Amino acid sequence: AADHTMYHAKHAGRNNACFYGDIVHLKALGREHVAIQSRLSSAIQQGGLQVFYQPVVNAKTGEVVSVEALARWLDDKSGWISPELFIPMAEKVGLIQELSEQIMLIAFAKLRDWRDAGLAQKMMINISRSQLFLPSFVTQLVERLSSFRLRPSDIILEITESIALTDYSRQMRHLRQLRLAGFEIAIDDFGTGYSSLSQLHEMPAQMLKVDVSFAQRLHTEDGRRVMHAIAQMAQGLQLELVIEGVESLETARFLQGLGVNYMQGFYFSEPVPAGVAELWMRLGLQAKM
Ligand code: C2E
Ligand code: MG
Ligand code: MG
Ligand code: MG
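The notes below deal with the structure included here. Each chain has its residues counted from 1, following the order in which its sequence is written. The lettering of chains begins at A and the numbering of ligands begins at 1, in the order of writing. For a predicted model such as this one, the threshold for reporting local features is a pLDDT of at least 70, and the threshold for listing and counting side-chain atom pairs is 80 or more; totals across whole chains, interfaces and linings nevertheless cover every residue. The basis for the side-chain values is all heavy atoms of the structure; hydrogens and waters are excluded.

## Describing the overall build of the protein
What counts is decided by this rule: A run of H or I in DSSP becomes a helix once it reaches four residues, and a run of E becomes a strand once it reaches two; helices and strands are each numbered from the N terminus. Burial classes: relative accessible area under 20% of the type maximum marks a residue as buried, over 50% as exposed, and values in between as partly exposed (1.4 Å probe, protein chains only). Contacts are assigned to residue pairs that have any heavy atoms within 4.5 Å of one another. Accessible surface is estimated by sampling points in the Shrake-Rupley manner with a 1.4 Å probe; for residues, cover comes only from the protein chains shown.
When its secondary structure is counted, the protein shows twelve helices and ten strands. Here the protein holds 289 residues, and 45% of them are scored as buried. By sequence separation, contacts in the protein at least 24 residues apart represent 66% of the contacts at least 6 residues apart. For the protein, the accessible surface area stands at approximately 15000 Å², while carbon and sulfur atoms represent 54% of it.

So, in structure tokens, the structure goes:
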């Protein structure tokens, strides 16, 4: 509220209709932002976050091979708020550790259930920059997993490519520790950052997850060429390839033809609550391809 008043006072007396419009917009955004931030804090404190799961399918057979855990937040006032908004917000206000802790507790408990039931054997978990650089991250994660009788090799950690460049050597050190501990590592949102080929090759990662935007460009000749080049590069570097954002049978078939390893996207399933994911795993659903 103090911010709001100050902003108003500073510009009071200016007689510019256009500018006034901007202020209203900025003010509205500013206040909403702060309000959402404080509601996020209480949601985290009250254990109000949820986890949805999206299947990853084998590109040859259409069978589900693992699931990606994705954080979800249903706010009383605004409804579902995108993780694209609340994850960076949690990072900024120093709540990302608590948020991730909650997400992992929920996700690991589910993976335990699913392994016991002979359903999903592996889970993909997104981790953020500040978690990766936390000195105790690896040991805490391993301990946390073992409390669920899970091993690092049951988990694929997704690290976005945009982290992959800043603080390169520091990042490499932390990734190597994770790898030594037995985790699989996937470079997420591949194609949106600026990794060089030699860095990619050096990276202790087993998997590339190609950003959603690439699958969305396959209706153009150019888009198909780019995807073809990515597939060849991944093969050359011996990295497994997951294509995200597969929304149609046509796209799935094209990618199958390129020999990619895995696919993920609305064509197969949106991220869904655990109960729904469990149902299609129990039914042994296999995508039509
Ligand atoms: P991501 O890890 O790259 O996840 C893929 C995003 O693409 C998800 O958005 C998913 O719902 C969406 N998606 C999946 N299939 C399709 C498709 O066919 N078409 C389109 N257009 N989109 C598709 P979501 O769930 O909103 O998550 C956004 C991002 O938030 C994630 O991107 C990830 O970077 C981050 N995030 C989510 N949960 C967590 C978490 O627990 N921890 C951290 N650190 N980040 C998370
Ligand atoms: Mg991801
Ligand atoms: Mg991604
Ligand atoms: Mg993403």
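## Some points on the site of ligand 1
What counts, and what does not: The cutoff for a nearby residue is simple: one of its non-hydrogen atoms must lie within 4 Å of the molecule or strand. By the criterion applied in these results, polar contacts are pairs of N or O atoms within 3.5 Å in which, for protein atoms, one can donate a hydrogen and the other can accept it, and in which residues neighboring in sequence qualify only through two side-chain atoms. In this analysis a 1.4 Å probe is tested at points of a 1 Å grid over the protein atoms alone, and where it fits but cannot get out there is a cavity; an open set with protein on both sides within 12 Å along at least five of seven lines is a pocket; lining residues have an atom within 4 Å of a point. For a molecule to be placed in a cavity or pocket, more than half of its atoms must lie within 2 Å of the grid points of that cavity or pocket.
Around ligand 1 sit 24 residues in total, of which Arg 72, Asn 126, Asp 188, Glu 247 and Phe 266 are the nearest. Note that a nitrogen atom of ligand 1 is positioned 3.0 Å from one of the side-chain N or O atoms of Gln 54. Considered on its own, ligand 1 offers 810 Å² of accessible surface; in the complex 86% of this is hidden by protein. Here ligand 1 occupies the largest pocket. Breaking the shell around ligand 1 down by element, the ones donating at least two residues are β2 (64-75), α3 (83-92), β4 (123-127) and β6 (184-190). Here the shell around ligand 1 gets four residues from one element, more than from any other, and that element is β2.

## Focus: the coordination of the magnesium ion (ligand 2)
As a reminder of what qualifies: Counted as coordinating are nitrogen, oxygen and sulfur atoms within 2.8 Å of the metal, or 3.2 Å for Na, K and Ca, while water is not included, which may make sites look incomplete.
The magnesium ion (ligand 2) binds to the protein through Glu 68 (OE), Asn 126 (OD1), Glu 158 (OE) and Asp 188 (OD); the donor distances cover 1.9 to 2.3 Å. We note that the donor set of the magnesium ion (ligand 2) lies within a single chain, spaced as E-x57-N-x31-E-x29-D.

## Brief notes about the pairing of strand β8 (residues 240-243)
How we decide: In this description, strands pair whenever DSSP reports at least two bridges between them.
As paired strands, strand β7 (residues 207-210) and β8 are joined by four bridges and run parallel to one another. Counted as the bridge partner of Leu 208 is Leu 241 from β8. In this sheet, strand β9 (residues 262-263) lies alongside β8 in parallel orientation, the contact comprising two bridges. Paired with Val 242 across the strands is Tyr 262, a residue of β9.

## Overview of the packing of helix α6 (residues 137-146) against helix α7 (residues 168-181)
Which entries qualify depends on this criterion: Geometry is summarised by axes, namely lines fitted to C-alpha atoms with helices restricted to the contacting stretch, and by angles between N-to-C directions that run from 0 to 180 degrees. Roughly parallel means an angle under 35 degrees; roughly antiparallel means over 145; roughly perpendicular covers 65 to 115; every other angle is labelled oblique. Crossing handedness: left-handed means the near helix sits turned counterclockwise from the far one by under a right angle, and right-handed means the same turn made clockwise. Each residue is assigned to one class: nonpolar for Ala, Val, Leu, Ile, Met, Phe, Trp, Tyr, Cys and Pro, charged for Asp, Glu, Lys and Arg, and polar for all the others, Gly among them.
Axis separation between α6 and α7 bottoms out at 10 Å; the angle between their running directions is 30 degrees. The orientation of α6 relative to α7 falls into the category roughly parallel. Here α6 and α7 pass one another in a crossing that is right-handed. Contact with α6, carried on its side by Phe 137, Val 138 and Val 142, involves Gln 177, Leu 178 and Ala 181 of α7 and no other residues of that element. Split into classes, the residues belonging to the contact of α6 with α7 amount to five nonpolar, one polar and no charged.

## Observations concerning a nonpolar patch on the surface
Stated formally: Think of a patch as exposed residues, more than 30% relative accessible area, with no salt bridge, where like charges cluster within 9 Å and nonpolar side chains (Val, Leu, Ile, Met, Phe, Trp, Tyr) cluster within 5 Å. Any carboxyl oxygen of Asp or Glu within 4 Å of a side-chain nitrogen of Lys or Arg constitutes a salt bridge here.
A cluster of nonpolar residues, Leu 279, Leu 283 and Leu 285, forms a patch on the protein surface that exposes about 320 Å² of accessible area. Looking at where Leu 283 falls in the secondary structure, it is placed in the segment after α12 (274-282). With relative accessibility at 59%, the residue Leu 283 sits in the exposed group.

## A word on the packing of helix α4 (residues 96-116) against α6
Each pair of packed helices can be described by the angle between their axes along with the distance between the axes. For the pair α4 and α6, the least separation of the axes is 10 Å and the interaxial angle reads 35 degrees. In this structure, α4 crosses over α6, and the sense of that crossing is right-handed. Taken together, the residues of α6 that come into contact with α4 (itself represented by Glu 101, Met 104, Leu 105 and Phe 108) are Leu 141, Arg 144 and Leu 145. Here the residues of the contact of α4 with α6 are counted per class, giving five nonpolar, no polar and two charged.

Everything listed here is a matter of geometry and, on its own, says nothing about what the molecule does.
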